[in-house]
Amino acid sequence: MFQKVEGIVIRTIDYGETNKIVTLLTRELGKISVMARGAKKSSSRLTSVTQLFTYGYFLIQIGKGMGTLQQGEVMSSMKELRQDIFLTAYSSLIVELTDKAVEEKNNNPYLFELLLQTLQHIEEGADGEILMLIYELKLLPVVGVKPSFDQCAICGDSNDFVAFSFSEGGFLCKRCVHKDKYSYQMNETAIKLIRFFYHIDVVRLGKVSVKEENRKQMRHVIDTLYDDYVGMFLKTKRFLKQLDLFKTNE
């Protein structure tokens, strides 16, 4: 049986001398892995459609085992994401997170659209790091984590947040912050940004300017949530930390 799907390449693995196993996030079938025979050959018609981040239409032969990629039509190669080391790192974390967070054939059209819109925004020149952080925030419910971003994790109040409590799983207001001596103190802007980015539709996101201190506070909260609550350690996260050290020492 043959099926045409709309998809994004989120992972590739070399298989043998000439083949690739390609993982796609598709609108119709969710995450699927297919064999792309001969895709490692420069002369293959599958070479261009099996590059990481590629968005397009894919004709798949579906059988009892792993499907086979027959042909593809590139709608966007997302080449800008591969021409800048930082954009490559941000985008790689996004697709690696997607791959680890989603089960095979668990269809989620919302997630497909979110991934597509996020990569397209980065491709068009939006702040790659901020888009990465927004994507990580939005995938928290997908991996089973729902932090208390809109009310105090202890008293339920919706105002005067001053810190994030990892033990309580959410923001703490100034009246409750003393109840967790290990809570992470944050400034008002960083708190507002996390709440805003958690709820914003990526399509509606315009140009944003975020100071480095606020980025650091957001990264700390998000990284700790994934490390402690999800237990998900991403290879690209380590690479990004090395890039940050390099950027700091320039």
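These figures come from a predicted structure and were not determined experimentally.

Undergrad: Break down the pairing of strand S3 (residues 30-36) for me, with residues and values.
TA: Within S3, seven of the seven residues are buried, which leaves it mostly tucked inside the rest of the structure. For strand S2 (residues 19-26) and S3, the ladder comprises seven bridges, and the chain directions are antiparallel. Paired with Ile21 across the bridge in S3 is Met35. Taking the residues between adjacent antiparallel strands as the criterion, S2 and S3 are bridged by three residues. Bridge count between S3 and strand S5 (residues 67-76): two bridges; the pairing is parallel. Along S5, the bridge assignment pairs Val34 with Gly67.

Undergrad: Outline the nonpolar core, listing residues and values.
TA: Leu115, Phe149 and Phe197 are the most contacted members of the largest nonpolar core, which has 62 residues in total. Beyond its immediate stretch of four places on either side in the chain, Phe197 contacts Ile130, Ile134, Leu137, Lys138, Leu205, Val208, Val210 and Met218. Ranked by size, the runner-up nonpolar core spans 13 residues in total, among them Val34, Ala36, Ile60 and Leu69.

Undergrad: Quick rundown of the pattern of salt bridges? Include the residues and the values.
TA: Within this structure, the stated rule accounts for 16 salt bridges. Among the ionic pairs, Asp14 bridges to Lys40, the shortest N-O distance being 3.9 Å. Separated by 26 residues along the polypeptide, Asp14 in strand S1 (residues 2-15) and Lys40 in the loop between S3 and strand S4 (55-61) bring together distant segments of the chain. Classification of Asp14 by relative accessible area gives exposed; the value is 52%. Here Arg219 ties to Glu212 by a salt bridge, and the two come within 3.2 Å at their closest N and O atoms. Here Arg219 falls in the buried class, since its relative accessible area comes to 15%. Overall, the relative accessible area of 39% leaves Glu212 in the partly exposed class. Taken together, the shared-partner salt bridges in this structure form one network comprising Asp127, Glu129, Glu212, Arg215 and Arg219.

Undergrad: Tell me what's going on with the packing of aromatic side chains, and back it up with residues and numbers.
TA: In the structure shown here, the tally under the stated rule is eight aromatic pairs. Seen from their ring centres, Phe149 and Phe171 are 5.6 Å apart, and the 45 degrees between their planes marks the pair as tilted. With a gap of 22 residues between them, Phe149 in the loop between helix H3 (128-139) and strand S6 (161-165) and Phe171 in strand S7 (residues 170-173) connect regions that are remote in the sequence. Relative to Phe166, the ring of Phe164 has its centre 5.1 Å away and its plane inclined at 55 degrees; by these criteria the two rings are tilted. Given the relative accessible area of 0%, Phe164 is considered buried. Given the relative accessible area of 16%, Phe166 is considered buried. What links up through ring pairs into an aromatic cluster is the set Phe149, Phe161, Phe164, Phe166, Phe171 and Tyr198. In this structure, Lys4 is placed above the aromatic ring of Tyr57, and the distance from its NZ or CZ to the ring centre is 5.3 Å.

About the thresholds
Here the residue index of a chain counts from 1 through its sequence in written order. Local features in a predicted model are, by the rule used here, given only for residues with pLDDT of at least 70; side-chain atom pairs are given and counted only at 80 or more, and totals for whole chains, interfaces and linings are based on all residues. Remark: hydrogens and water are excluded; side-chain values derive from all non-hydrogen atoms of the structure. When a residue's accessible area, from a 1.4 Å probe over protein chains only, is under 20% of the maximum for its type it is buried; when over 50% it is exposed; and in between it is partly exposed. We count a stretch as a helix when DSSP gives it H or I for four or more residues in a row; a strand needs E for two or more, and each element gets its number in order from the N terminus. Here the rule is simple: two strands pair whenever DSSP picks up at least two bridges between them. Put simply, a nonpolar core is a bunch of buried Ala, Val, Leu, Ile, Met, Phe, Trp, Tyr and Cys residues held in one set by side-chain atoms that sit within 4.5 Å of each other. We call two residues contacting when some pair of their heavy atoms lies within 4.5 Å. The salt bridge criterion pairs a side-chain nitrogen of Lys or Arg with a carboxyl oxygen of Asp or Glu, the two atoms within 4 Å. A pair of aromatic rings is counted whenever rings of Phe, Tyr or Trp (Trp by its six-membered ring) have centres within 6.5 Å, and the orientation is called stacked for planes under 30 degrees apart, edge-to-face for over 60 and tilted otherwise. Placement of a positive charge over a ring is assigned whenever Lys NZ or Arg CZ falls within 6 Å of the ring centre and within 35 degrees of the normal to the ring plane.

Any link to function would need more than the numbers given here.
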